[in-house]
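# Descriptive analysis of the structure
This is what each chain is made of:
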Amino acid sequence: MANIVWLKDANNEYSYARVVGFLSIIVNLVWRLYMGVGDIHTWPAAIVGCCGCITGVTLWAFEVWRENKKVSVKLGDKEYGAKLGE
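This section reports on the structure supplied with the text. If you're wondering where the values come from, they're calculated on a predicted model, not measured in any experiment.

About the thresholds
- Residues numbered from 1 in each chain as written.
- Predicted model: local features only at pLDDT ≥ 70, side-chain atom pairs only at ≥ 80, totals over all residues.
- Heavy atoms only, no water.
- Helix = DSSP H or I, 4+ residues; strand = E, 2+ residues; numbered from the N terminus.
- Expected span 1.5 Å × (residues − 1).
- Buried < 20%, exposed > 50% of the residue type's maximum accessible area, 1.4 Å probe, protein only.
- Arc of directions from axis to C-beta.

This brings us to helix 1 (residues 16–35). Taking 1.5 Å per residue as the helical rise, helix 1 with its 20 residues ought to reach 28 Å, and the 28 Å between its terminal C-alpha atoms agrees with that figure. The set of residues buried in helix 1 consists of Ala17, Arg18, Gly21, Ser24, Asn28 and Arg32. Projection of helix 1 onto a plane perpendicular to its axis shows the buried side chains occupying an angular sector of 135°, all on one side. In helix 1, the exposed positions angled more than 90 degrees off the buried face are occupied by Tyr16, Val27, Val30, Leu33 and Tyr34. In the stretch just after helix 1, Gly36 is the one whose phi turns positive, near 85°.

The values reported here are purely geometric and, on their own, carry no functional implication.
Next up, the structure:
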């Protein structure tokens, strides 16, 4: 199997949140390709139809927040940052 580094955490072990998040996004996208998007006409149907992707992105966001307590973004010549916790 290929060396999938982005699924590993700082301890060089596979992270539950990253693996499950990745799998839920892939399964949801394959399911959407199979079922199509013709049955999505309302916001609740769209949320239910994309719940795997929403879950995957949420798990990835929690994992990033857990490992990176300081986040910074550079826009132009200024850098903006936030400290997310202890």
